[in-house]
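# Fold and contact review
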Amino acid sequence: MATSLVWKSGISLFRRSLTVTSVRCAGGPPAKPIDHHKGKVPSDDVTMPSSIAHAVGIDRQELLAREAGDDDPFQMKVIKRAKGTFEEPTIITSPNRARMIGCICEEDALTINWMNLHKEEPKRCECGYWFKLVDVPGAASAH
């Protein structure tokens, strides 16, 4: 009975440490320091807090990223296919080692062909177009 309790608590600690580690490493180091209190500190000049001061969580991250000049902070914009040959694949940038993408094979298609891309490994869609995942220029990749 005592062995079972020790084993369960050990697994619990291990699981907790994995979760904390994965959260810390998921996005990699920020490009520049982030002011976590931006818009939250009251001043005599401001009578009403800004929208950044009211935002929390992912909304706040998005507003701060857009203010810093990143108009696609979650990498959700549609990327037009390039030539799509093996020699000249459509380049997809990502700070991560792998990314899921969707290819709309025909202009009037009602379905999306989803596939996983891995860094530096070109992949061919069912429609014949090639895609390649590369690092974001100027950013270190997440491990």
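Everything numeric in this text was worked out from a predicted model, so none of it was measured. (Residues numbered from 1 in each chain as written. Predicted model: local features only at pLDDT ≥ 70, side-chain atom pairs only at ≥ 80, totals over all residues. Heavy atoms only, no water.)

### What about the overall build of the chain?
A tally of regular secondary structure across the chain gives three helices and five strands. Secondary structure elements in the chain, listed N-terminal to C-terminal, are α-α-α-β-β-β-β-β. Put simply, the chain has 143 residues, and 16% of those count as buried. The long-range fraction of contacts in the chain, counting pairs at least 24 apart against all pairs at least 6 apart in sequence, stands at 40%. Looking at the chain as shown, the accessible area adds up to about 11400 Å², and 59% of this sits on carbon and sulfur atoms. (Helix = DSSP H or I, 4+ residues; strand = E, 2+ residues; numbered from the N terminus. Buried < 20%, exposed > 50% of the residue type's maximum accessible area, 1.4 Å probe, protein only. Contact = heavy atoms within 4.5 Å. Areas by Shrake-Rupley, 256 points an atom, 1.4 Å probe, with all protein chains shown as cover.)

### Considerations on a nonpolar patch on the surface
Together, Met-100, Ile-104, Ile-112 and Trp-114 make up an exposed nonpolar region whose accessible area comes to about 440 Å². With respect to the helices, strands and loops of the structure, Ile-104 is situated in the loop between β2 (98-103) and β3 (113-118). Taking relative accessible area as the criterion, Ile-104 reaches 46% and is therefore assigned partly exposed. (Patch = residues over 30% accessible without salt bridge, like charges linked within 9 Å, V, L, I, M, F, W, Y side chains within 5 Å. Salt bridge = Lys/Arg side-chain N within 4 Å of Asp/Glu carboxyl O.)

### Some thoughts on the pairing of strand β1 (residues 90-93)
Here β1 shows a buried face lined by Thr-90 and Ile-92 and an unburied face lined by Ile-91 and Thr-93. In this structure, β1 lies alongside strand β5 (residues 130-134), joined through four bridges in parallel fashion. Of the residues in β5, the one forming a bridge with Thr-90 is Phe-131. (Pairing = 2+ DSSP bridges.)

### Some points on the pattern of salt bridges
All told, the structure shown has five salt bridges when counted by the stated rule. With its nearest N and O atoms 2.9 Å apart, the salt bridge here joins Glu-62 to Arg-66. Of this pair, Glu-62 and Arg-66 both sit in helix α3 (residues 57-67), four residues apart, which is roughly one turn of that helix. Under the relative-accessibility criterion, Glu-62 is labelled partly exposed at 24%. Since its relative accessible area comes to 43%, Arg-66 is described here as partly exposed. The partner of Asp-135 in a salt bridge is Lys-119, and the shortest N-O contact between them spans 2.5 Å. Note that Asp-135 is positioned in the segment after β5 and Lys-119 in the loop between β3 and β4 (123-124), a separation of 16 residues in sequence. By relative accessible area, Lys-119 is classed as buried at 16%.

### Some words on the sheet that holds β5
Overall, mixed pairing links the three strands, which are arranged β1-β5-β4 in an open sheet. Either end of the sheet is taken by a strand with one partner, and the two such strands are β1 and β4. In this sheet, β5 lies alongside β4 in antiparallel orientation, the contact comprising two bridges. Bridging across to β5, Arg-124 finds its partner in Trp-130.

### Side note on the UniProt feature "binding site: Zn(2+)" (unreviewed entry) in the chain
In this structure's numbering, the residues bearing the UniProt feature "binding site: Zn(2+)" (unreviewed entry) are Cys-103, Cys-105, Cys-125 and Cys-127. Their sequence span is 25 residues, while the largest C-alpha to C-alpha distance among them is just 8.7 Å; these annotated residues converge on one region. The topology assignment puts Cys-103 in strand β2. Given the relative accessible area of 2%, Cys-103 is considered buried. (UniProt positions renumbered as here; feature names shortened; annotations may be inferred.)

### Details of the packing of aromatic side chains
Centre-to-centre distance and the angle between the planes together describe a pair of aromatic rings. This structure, assessed with the given rule, holds one aromatic pair. Look at Phe-86 and Trp-130: their rings are 4.9 Å apart centre to centre, the planes differ by 80°, and that puts the pair in the edge-to-face class. Placement of the pair is Phe-86 in the loop between α3 and β1 and Trp-130 in strand β5, with a sequence separation of 44 residues. Given a relative accessible area of 48%, Phe-86 falls into the partly exposed group. Positioned over the ring face of Tyr-129 is Arg-81, at 3.8 Å from the centre of the ring. (Phe/Tyr/Trp six-rings, centres within 6.5 Å; stacked < 30°, edge-to-face > 60°. Lys NZ or Arg CZ within 6 Å of the ring centre and 35° of its normal.)

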